[in-house]
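# Analysis of the macromolecular model
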Amino acid sequence: MISRSIRRASPADIRALQGIEAAADELFAPLFGPQPFGPDSAADGAARAAEPGFVLVVAEAEDGPAIGFAHVLWPFGPGDAHLEQLAVLPAHLRRGHGRALVEAAVREASEHGARRMTLRTFAQVPWNGPFYAACGFAPIAPIPHPAHRAMVAVEERLGLAELGERVLMARDLGSPAL
């Protein structure tokens, strides 16, 4: 059994996020080519940590280095959380770390009052749309909110829509934890 520890990101973890994301994004290159994925496309960890929401990391030891992360935002108002990014280093894939991060993010968001978690992803990429469906997410219609329109605009600016179908997915988190 794989040993795993999930925690809120520390300052050292924050510095590692960009490298984790860049390495994970390299998996898209065989499908879509090197652009817009590459070392310069990953978001700066400090910028992620400064956004309203939270960052969880997974390590294979209690105090070990981060090997993956989940970044959750609060963009649409009370009751909604958005899984902005999930990334795991390629050398640590297929060990359940991504699914464990999703579940930990869902629990954390629920504890903060979220009743729904959304995400945007590629519908047909096996480690995207089908993975999130297996985690309980289902496609939904676009949300008529400026934050959602802004997310779509960023994707269009990056050319992501030209690479494949992008879909908004959601998972009902039920009533907030008391």
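Let me sum up the structure you'll find in this document. (Residues numbered from 1 in each chain as written. Predicted model: local features only at pLDDT ≥ 70, side-chain atom pairs only at ≥ 80, totals over all residues. Heavy atoms only, no water.)

### Looking at the environment of Trp74
You can see Trp74 is positioned in the loop between strand S3 (68-73) and strand S4 (80-88). Placed 73 residues apart in sequence, Trp74 and Ala147 show a C-alpha to C-alpha distance of 9.7 Å. Among all residues touching Trp74, those that are not within four sequence positions of it are Pro52, Gly53, Phe54, Asp80, Ala81, Ala109, His112 and Ala114. (Helix = DSSP H or I, 4+ residues; strand = E, 2+ residues; numbered from the N terminus. Contact = heavy atoms within 4.5 Å.)

### A word on the pairing of S4
Buried residues dominate S4, accounting for eight of its nine residues. Pairing of S3 with S4, which is carried by six bridges, proceeds in the antiparallel orientation. In the sheet register, Ala70 faces S4, and the bridge partner there is Leu86. Counting the residues between successive antiparallel strands, the hairpin from S3 to S4 contains six residues, one of them, Gly77, with a positive phi of roughly 110°. Pairing of S4 with strand S5 (residues 116-122), which is carried by three bridges, proceeds in the parallel orientation. Counted as the bridge partner of Asp80 is Arg116 from S5. For the handedness criterion, the β-α-β arrangement of S4, helix H4 (residues 97-111) and S5 is classed as right-handed. (Buried < 20%, exposed > 50% of the residue type's maximum accessible area, 1.4 Å probe, protein only. Pairing = 2+ DSSP bridges. Right-handed = clockwise from strand over helix to strand, strands pointing away.)

### Examining the sheet that holds S3
Strand order in the open sheet formed by seven strands is S1-S2-S3-S4-S5-S7-S6, and the pairing between neighbours is mixed. The open sheet has two free edges, formed respectively by strand S1 (5-8) and strand S6 (138-139), since each of these has just one partner strand. Bridge analysis of S6 against strand S7 (residues 166-172) gives two bridges, and the strand direction is antiparallel. Bridged to Ala138 within S7 is Ala170. Strand contacts of helix H1 (residues 11-25): S1, strand S2 (53-59), S3 and S4, with the helix running at about 70° to S4, the strand carrying the most contacts. Those strands touched by helix H6 (residues 146-158) are S4, S5 and S7, and its axis lies near 15° from that of S5. (Axes fitted to C-alpha atoms, helices over the stretch in contact; angles between N-to-C directions.)

### Some points on the side chain of Arg48
As for its placement among the helices and strands, Arg48 is situated in helix H3 (residues 45-50). At a separation of 2.4 Å, a polar atom in the side chain of Arg48 contacts the side chain of Glu84. Non-local contacts of Arg48, meaning those with residues more than four positions away in its chain, are made with Leu17, Glu21, Ala43, Phe69, His71, Glu84 and Gln85. (Polar contact = N/O pair within 3.5 Å; in protein donor to acceptor, adjacent residues only side chain to side chain.)

### Brief notes about the nonpolar core
In terms of nonpolar packing, the biggest core is built from 27 residues, with Leu83, Val102, Met117, Tyr132 and Phe137 touching the most fellow members. Counting only elements with at least two residues in this core, the list comes to S2, S3, S4, H4, S5, helix H5 (129-134) and S7. Sorting elements by how many residues they give to this core places H4 first, with six residues. In this view, Met117 contacts Val72, Ala81, Leu83, Ala105, Val106, Ala109, Phe137, Met169, Ala170, Arg171 and Leu173; residues no more than four positions away in its chain are not counted. (Core = buried A, V, L, I, M, F, W, Y, C linked by side-chain atoms within 4.5 Å.)

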